[in-house]
Amino acid sequence: MLPRDPGQTNLAGMSHDHHHDHDNDLDPMAARVRALETILTEKGLIDPAAIDAIVETYETKVGPRNGARVVAKAWADADYADWLRRDATAAIASLGFSGRQGEHMQAVFNTPDTHNLVVCTLCSCYPWSVLGLPPVWYKAPPYRSRAVIDPRGVLEEFGLTLPPDTKIRVWDSTAELRYLVVPMRPEGTEGWDETRLAELVSRDSMIGTALARQAEAA
Ligand code: FE
């Protein structure tokens, strides 16, 4: 179970509009959500553990499935990949994924030479329309500061060791522009359909803190 983020609950994060407050200051909506959660918990109407489970599901499963479909389509369809490269907002919206925190998207494609990593150094901008709710670590100050200063070290902590000659490009999200990493298509997946390919695309691989799963994982 992920720890609750003291600076901004996930539910309150829904209203996040890119203010750059200090991390420990609850914005007014976050404070209201926290107060409501406390009251409902005290009255025995909700179980915080159940809420955590729901939030975790949206972080890791439901939300990122949209992005996984985008990546799988790009792997399977060269024309779509080209469109995604030129106009990610439109290419993603064509699959029905658009709206808040996904209005202006850019897709960044990993290659054998260059690995892409996404961060929001100022707060927690994240492409909700394709990835769902941001993980707690994405919003945490250590990730936000160190992803820029020492991306290779951060990736090592995620268990991802890249070849020394692979360049790492760090993309800093803003309210205006959010990034989706398109990981490299794993070997041994020739002829796979998009549904099967999408199973190899994890949330973290679309943030850049992991690679796509190997073919044997599906
Ligand atoms: Fe932000």
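About the criteria used
- Residues numbered from 1 in each chain as written.
- Predicted model: local features only at pLDDT ≥ 70, side-chain atom pairs only at ≥ 80, totals over all residues.
- Heavy atoms only, no water.
- Axes fitted to C-alpha atoms, helices over the stretch in contact; angles between N-to-C directions.
- Helix = DSSP H or I, 4+ residues; strand = E, 2+ residues; numbered from the N terminus.
- Parallel < 35°, antiparallel > 145°, perpendicular 65-115°, else oblique.
- Contact = heavy atoms within 4.5 Å.
- Nonpolar A, V, L, I, M, F, W, Y, C, P; charged D, E, K, R; others polar.
- Donors = N, O, S within 2.8 Å, 3.2 Å for Na, K, Ca; no water.
- Tetrahedral: all angles 85-135°; square planar, octahedral: opposite > 155°, others 65-115°.
- Buried < 20%, exposed > 50% of the residue type's maximum accessible area, 1.4 Å probe, protein only.
- Patch = residues over 30% accessible without salt bridge, like charges linked within 9 Å, V, L, I, M, F, W, Y side chains within 5 Å.
- Areas by Shrake-Rupley, 256 points an atom, 1.4 Å probe, with all protein chains shown as cover.
- Salt bridge = Lys/Arg side-chain N within 4 Å of Asp/Glu carboxyl O.
- Arc of directions from axis to C-beta.
- Core = buried A, V, L, I, M, F, W, Y, C linked by side-chain atoms within 4.5 Å.
- Phe/Tyr/Trp six-rings, centres within 6.5 Å; stacked < 30°, edge-to-face > 60°.
- Lys NZ or Arg CZ within 6 Å of the ring centre and 35° of its normal.

Participant: For this particular structure, what's the right way to read the packing of helix α3 (residues 48-76) against helix α4 (residues 78-86)?
Facilitator: For any two helices packed against each other, the geometry is given by the interaxial angle and the distance between the axes. Look at α3 against α4: their axes get within 5 Å of each other, and the N-to-C directions meet at 125 degrees. Comparing their axes, α4 and α3 come out oblique. Taken together, the residues of α4 that come into contact with α3 (itself represented by V70, K73, A74 and A76) are A78, Y80, A81 and L84. Of the residues that constitute the contact of α3 with α4, the class distribution is seven nonpolar, no polar and one charged.

Participant: Hey, could you run me through the coordination of the iron ion in this one?
Facilitator: When a metal carries six donors in an octahedron, the ideal angles between them are 90 or 180 degrees, while four donors in a tetrahedron ideally lie at 109.5 degrees. The iron ion binds to the protein through C120 (SG), C123 (SG), C125 (N) and C125 (SG), with metal-donor distances spanning 2.0 to 2.8 Å. Metal-centred angles of 76 to 134 degrees between the four donor atoms at the iron ion mark the site as irregular. Mapped onto the sequence, the donors of the iron ion take the spacing C-x2-C-x1-C. The burial state of C120 is the same as that of C123; both residues are buried.

Participant: Mind showing me how you'd approach the environment of W137 here?
Facilitator: With respect to the element layout, W137 can be found in helix α7 (residues 136-139). Considering only alpha carbons, one finds W137 and S124, 13 residues apart in sequence, at a separation of 9.9 Å.

Participant: Looking at this structure, I do not really get the environment of T209. What am I missing?
Facilitator: Relative to the assigned elements, T209 resides in the segment after α11 (203-207). Through-space distance from the C-alpha of T209 to that of H115 is 9.7 Å; in sequence the pair is 94 residues apart. In contact with T209, not counting residues within four places along its chain, are L117, W137, Y143, L155, F158, L160 and D204.

Participant: Help me understand a nonpolar patch on the surface in this model?
Facilitator: A cluster of nonpolar side chains, I54, Y58 and V62, forms an exposed patch at the surface whose accessible area comes to about 270 Å². Relative to the elements of secondary structure, Y58 occurs in helix α3.

Participant: Explanation requested: helix α8 (residues 141-149) in the structure shown.
Facilitator: Since one α-helical turn is 3.6 residues long, residues separated by three or four positions face the same way. Buried within α8 are the following residues: Y143, R144 and A147. Taken down its axis, α8 places every buried residue within 100 degrees of arc, on the same side. Residues of α8 that are exposed and angled more than 90 degrees away from the buried face: P142 and I149. For α8, the secondary structure elements touched by its buried residues are β2 (114-119), α7, α9 (151-157), β3 (167-172) and α11.

Participant: Honestly, the nonpolar core in this entry has me stumped. Any pointers?
Facilitator: Generally speaking, a soluble globular protein has its nonpolar side chains buried in company with each other. In terms of nonpolar packing, the biggest core is built from 51 residues, with V70, L84, I92 and Y143 touching the most fellow members. The element that contributes the greatest number of residues to this core is α3, accounting for six residues. With sequence-adjacent residues up to four places away left out, I92 is seen in contact with V70, Y80, L84, F97, M105, V130 and L180.

Participant: When you look at the packing of aromatic side chains in this model, what are you seeing that I'm missing?
Facilitator: Aromatic ring pairs: the centre-centre distance and the angle between the two ring planes describe each pair. Enumeration over the complete set of coordinates arrives at eight aromatic pairs. Seen in terms of ring centroids, W137 and Y138 are 6.4 Å apart; in terms of plane orientation they differ by 65 degrees. Their pairing is edge-to-face. The pair formed by W137 and Y138 is uniform in burial state, with each residue classed as buried. With a centroid separation of 5.9 Å and an interplanar angle of 35 degrees, the aromatic rings of Y138 and Y143 are classed as tilted. Like Y143, Y138 is buried. An aromatic cluster of at least three residues, connected via ring pairs, comprises Y126, W137, Y138, Y143 and F158. The positively charged end of K73 is found above the aromatic ring belonging to Y80, 5.5 Å away from the centroid. Sitting over the face of the ring of W192, R196 holds its NZ or CZ atom 3.8 Å from the ring centroid.

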